[in-house]
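Here is what each chain is made of, one letter per residue.
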Amino acid sequence: MNRKFTGDNVFKILAAVIAASAVVILIVTAYTLVSGSVPVLQRFGLGFFAGTQWNPVEGREIFGALPYVLGTLVTSGIALLIGVPLSIGIAVFLVEMAPKALRVPIAYLVELLAAVPSVIYGLWGLFVFRFWIQNYIEIPVSNSLGWLPIFSGTPFGLDVLTAGIILAIMIIPTVASISKEVIGAVPNSIREGAYSIGATKWEVIRHWVLSYGRSGIFGAVILGLGRAVGETMAVTMVIGNTIGPAAIPTSLFKPSQTMSSLIANGFLESTASLEKSAYIGVGLFLLLLSLIINIAAHVMVTRVLKVKGGAVE
Amino acid sequence: MNSKENTEKSYTEQMRPDVKMQSIGLNAWFGQKQALKDINLTVKANAVTAIIGPSGCGKSTFIRTLNRMHELVPTAKMSGQVLLDGKDIYADEVDPVQIRRRVGMVFQKPNPFPTMSIYDNVAAGLKLTGAKKGKNLDEVVKRSLEQATLWEEVKDDLKKPGTSISGGQQQRLCIARAIALQPEVILMDEPCSALDPIATAKIEELIVNLKNDYTVVIVTHSMQQAARVSDFTAFMYLGQLVEFGETSGVFENPKNELTEKYITGKFG
């Protein structure tokens, strides 16, 4: 009995240490990023955030992160624009329409998309998908609507649009499977009430199911955004990787750069300490953005679960 | 009652004007399990018809076939006819959405829409058909809430969520929601089973008043409730209609031994 008691205590302490390590890792990461970016922040101040030039040549150094912040936001925005409607469509189909025999295999396949390593998406994007985009979307659009600023540039296939679409595909499993859970948690009594007043299936889905699940779906979207913002490998392979003002994403058909692809491309080759500090500073922005997004998602999802608990009774 | 061999047309001719709905040779299944067996029942207009019977006897399934809610269950099947004003609601050209607007429903557990205000809960059905916000809609909402005897209690809180009121009030809100569409028939599936005695008494009083304007079919677990509110009573057992007649007759003079056993509390 005594021995068991001691074993419990040891386990308790062990578990506490392991749990605490998660917090410690986050704090250490944040500390490293903050201290590492002090030199570049001291040298350029706000200019590091707002500037557009990026020149690591010694003596002429200037670092501005704005193009890459914009690159991340724009590609992630495209990913949401394309990926979210598809994901919600998949979720609605799986819960509300799919025959039972299809439901489980399709849900499994969708979740399997999340298991594909991102470098595989990158390879596919680089060797296959890029040419589809180039030949079937970009060249025709460029020929007819090339005078519009957002369609300007040479349609080359390695650009903001391709990166956004690849990201869209990558966020689908996250957004679709959480939306599926949220929609599945909508009480059937609500659907029945809506049918009983003469709503069609489409109206039940649109006005009742999606409205009831909206905060949960919003949470799913935010988690998808988190994934899109942090994604590195696949984006690096298809976005074209420009530097400086050329990386400002002004057109869908122009190459750009995201925060994560900038770090992935440049960090290992950086030599001067100020340049290293600049990459770390960009990493700090990226971490802050990811933290904000994840906290927002957490708040939204817990709120919807609470509402759900109250609404069922 | 009519025999099954007759054609639909002759049923129509035979139907008396005071018959609002009629089921003919109605069978229903969930997967392989047969829930209703050859139910032939008439529902009189402007009367309350109660359906009683032990749990699992098919009474809920039966009223769910009367407004085509039954078919929403994925494994559900049915055969036979259900006539509304002499016309089969399961005929090919009939849109179930239209039937559900003519035959409203109140459920066992109050299910007001939690994302909508009290006002919108009542207005939701009308908004589906394009009713615009304004005086007319306000009028209908008010009248429906008045008919459901809820207006006085919620008139200052119309913007609050439909789930913010008590269970009994929620159930009357659901009745108002059904009434707002001006249905011809209102189906109630054990509407008081989740309510306390005071709320139950209010709903029962309301049901009796509703028959002036509507035809009411109520499924109930409580024989006392059936005796208090209904004009006609049907007793169902194991998916079959055992006995049907005027409520006083069924309770005082049951013809079938099973009915007698059930109403005297020997089983159920």
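Residues numbered from 1 in each chain as written. Chains lettered and ligands numbered in written order. Predicted model: local features only at pLDDT ≥ 70, side-chain atom pairs only at ≥ 80, totals over all residues. Heavy atoms only, no water.

Draft legend 1. Structural context of the overall build of chain B. Looking only at helices and strands, one finds eleven helices and ten strands in chain B. Seen along its three principal axes, the alpha-carbon backbone of chain B occupies a region of about 55 × 45 × 35 Å. Out of the 268 residues belonging to chain B, those deemed buried represent 55%. By sequence separation, contacts in chain B at least 24 residues apart represent 68% of the contacts at least 6 residues apart. (Helix = DSSP H or I, 4+ residues; strand = E, 2+ residues; numbered from the N terminus. Buried < 20%, exposed > 50% of the residue type's maximum accessible area, 1.4 Å probe, protein only. Contact = heavy atoms within 4.5 Å.)

Draft legend 2. Here's a closer look at the interface of chain A and chain B. On the chain B side, the residues contacting the 20 residues of chain A number 20 residues. The interface formed by chain A and chain B includes one salt bridge. For B:Arg64, the salt bridge goes to A:Glu192, with nearest N and O atoms at 2.6 Å. On inspection of chain A and its partner chain B, the count reaches three residue pairs in polar contact (both at pLDDT 80 or more). Elements that contribute at least two residues to the side of chain A that touches chain B include exactly helix 7 (188-196), helix 8 (201-212) and helix 12 (273-312) of chain A. Element by element, the count of residues in the side of chain A that touches chain B is highest for helix 7 of chain A, at seven residues. Among the residues forming the side of chain A that touches chain B, the class breakdown is nine nonpolar, seven polar and four charged. (Salt bridge = Lys/Arg side-chain N within 4 Å of Asp/Glu carboxyl O. Polar contact = N/O pair within 3.5 Å; in protein donor to acceptor, adjacent residues only side chain to side chain. Nonpolar A, V, L, I, M, F, W, Y, C, P; charged D, E, K, R; others polar.)

Draft legend 3. Broad picture of the sheet that holds strand 6 (residues 103-106) of chain B. Residue and element names in this part refer to chain B. In space, the six strands of this open sheet follow the order 6-7-8-3-9-10, with mixed pairing throughout. Two strands bound the open sheet, and with one partner strand each, they are strand 6 and strand 10 (240-246). The sheet shows a mean angle of 15 degrees between the axes of neighbouring strands, direction not considered. Where strand 3 (residues 48-52) and strand 9 (residues 232-237) come together, four bridges link them in parallel fashion. Each bridged residue has a counterpart across the sheet, and for Ile 51 the counterpart in strand 9 is Ala 234. Packed on one face of the sheet, helix 7 (residues 167-179) meets strand 6 and strand 7 (185-189) and runs near 170 degrees to strand 6. (Pairing = 2+ DSSP bridges. Axes fitted to C-alpha atoms, helices over the stretch in contact; angles between N-to-C directions.)

Draft legend 4. Focus on the side chain of A:Ser152. Residues and elements named next belong to chain A. With respect to the helices, strands and loops of the structure, Ser 152 is situated in the loop between helix 5 (118-145) and helix 6 (160-184). In this structure the side chain of Ser 152 is engaged in a polar contact, spanning 2.7 Å, whose partner is the backbone oxygen of Pro 149. Among residues more than four places away in sequence, those in contact with Ser 152 are Gly 146, Ser 251, Phe 253 and Lys 254.

Draft legend 5. Just a nonpolar patch on the surface, in detail. Residues and elements named next belong to chain A. Taken together, the side chains of Val 119, Ile 120, Leu 123, Phe 127 and Met 233 define a hydrophobic patch exposed on the protein surface, amounting to about 430 Å² of accessible area. Per-element accounting of the nonpolar patch gives the leading share, four residues, to helix 5. Of note, Phe 127 is situated in helix 5. (Patch = residues over 30% accessible without salt bridge, like charges linked within 9 Å, V, L, I, M, F, W, Y side chains within 5 Å. Areas by Shrake-Rupley, 256 points an atom, 1.4 Å probe, with all protein chains shown as cover.)

Draft legend 6. Representation of helix 3 (residues 66-97) of chain A within the structure. Helix length check: helix 3 of chain A (32 residues) gives 45 Å between terminal C-alpha atoms against 46 Å at 1.5 Å per residue, within 8%. At A:Gly83, helix 3 of chain A shows its largest bend, some 30 degrees, and a proline, A:Pro85, comes one to four positions later. (Expected span 1.5 Å × (residues − 1). Bend = angle between axes of the 7 residues up to and from the residue.)

Draft legend 7. Inspection of the confidence of the model for chain A at higher detail. Residue and element names in this part refer to chain A. Here chain A averages 90 in pLDDT, while 95% of its residues score no lower than 70. When pLDDT is averaged over each helix and strand of chain A, the minimum, 79, is found for helix 12 and the maximum, 96, for helix 3. pLDDT under 50 marks residues 308-313. Its contacts with residues more than four places away, or in other chains, come to nine contacts. (pLDDT = per-residue confidence, 0-100.)

Draft legend 8. Structural view of the environment of A:Leu225. Structurally, A:Leu225 is set in helix 9 (residues 214-230). In contact with A:Leu225, other than residues within four places in its own chain, are A:Ser76, A:Leu80 and A:Ile293.

Draft legend 9. Representation of the side chain of A:Ser270 in the model. All names here are of chain A. Along the chain, Ser 270 turns up in the loop between helix 11 (259-266) and helix 12. The exposure class of Ser 270 is buried, given its relative accessible area of 4%. Within the local environment of Ser 270, its side chain forms a polar contact with the backbone oxygen of Phe 267, the two atoms lying 2.6 Å apart. With residues near it in sequence (within four places) discarded, Ser 270 still touches Glu 275, Lys 276 and Tyr 279.

Draft legend 10. Here's a closer look at the sheet that holds strand 5 (residues 87-88) of chain B. Residue and element names in this part refer to chain B. Taken in spatial order, the four strands line up as 2-1-4-5 in an open sheet, and their pairing is antiparallel. Of all the strands in the sheet, just strand 2 (33-44) and strand 5 have a single pairing partner and so form its edges. Pairing between strand 1 (residues 19-30) and strand 2: eight bridges, direction antiparallel. Its bridge partner being in strand 2, Ala 28 is matched across the sheet by Leu 36.

Draft legend 11. Inspection of the nonpolar core at higher detail. If you look at the biggest cluster of nonpolar residues, it comprises 140 residues, and the most contacted ones within it are A:Phe48, A:Trp208, B:Phe62 and B:Leu145. Per-element tally for this core: the top contributor is helix 6 of chain A, with eleven residues. Residues within four places of B:Phe62 in sequence aside, it is in contact with B:Ser23, B:Leu26, B:Leu36, B:Ile39, B:Leu41, B:Ile51 and B:Met236. (Core = buried A, V, L, I, M, F, W, Y, C linked by side-chain atoms within 4.5 Å.)

Draft legend 12. Geometry of the pairing of strand 4 (residues 76-84) of chain B. Residues and elements named next belong to chain B. Here strand 1 pairs with strand 4 via eight bridges, running antiparallel. Its bridge partner lying in strand 4, Met 21 is registered against Leu 84. Pairing of strand 4 with strand 5, which is carried by two bridges, proceeds in the antiparallel orientation. Across the sheet, the residue bridging to Leu 83 is Asp 88, located in strand 5.

Draft legend 13. Representation of the packing of aromatic side chains in the model. If you walk through the whole model with that rule in mind, you get 14 aromatic pairs over all chains. Between A:Phe267 and A:Tyr279, the ring centres sit 6.1 Å apart and the planes meet at 75 degrees, which makes this aromatic pair edge-to-face. Here A:Phe267, found in the loop between helix 11 and helix 12, pairs with A:Tyr279, found in helix 12; they are twelve residues apart in sequence, far enough to count as distant. By relative accessible area, A:Tyr279 is classed as buried at 5%. Here the aromatic cluster, defined as three or more aromatic residues joined through ring pairs, consists of A:Phe44, A:Trp54, A:Phe63, A:Tyr68, A:Phe267 and A:Tyr279. Taking NZ or CZ as reference, A:Arg130 lies 4.8 Å from the ring centre of A:Phe156, over its face. Across from the ring centre of B:Phe113, 4.4 Å away, lies the NZ or CZ of B:Arg177, which sits over that ring. (Phe/Tyr/Trp six-rings, centres within 6.5 Å; stacked < 30°, edge-to-face > 60°. Lys NZ or Arg CZ within 6 Å of the ring centre and 35° of its normal.)

Draft legend 14. Geometry of the environment of B:Gly168. Residues and elements named next belong to chain B. Residue position: Gly 168 is located in helix 7. A sequence separation of 27 residues divides Gly 168 from Leu 195, and the C-alpha atoms of the two residues are 6.0 Å apart. Apart from the residues lying within four places of it in its own chain, the contact partners of Gly 168 are Leu 195, Ala 199 and Ile 203.

Draft legend 15. Region of interest: unusual backbone geometry. Residues and elements named next belong to chain B. Phi at Asn 46 takes a positive value of approximately 50 degrees, unusual for a residue other than glycine. Along the chain, Asn 46 falls in the loop between strand 2 and strand 3. The residue Glu 190 is not glycine, and still its phi comes out positive at about 45 degrees. With respect to the helices and strands, Glu 190 occurs in the loop between strand 7 and helix 8 (197-210). Glu 190 gets classed as buried once you look at its relative accessible area, which sits at 9%.

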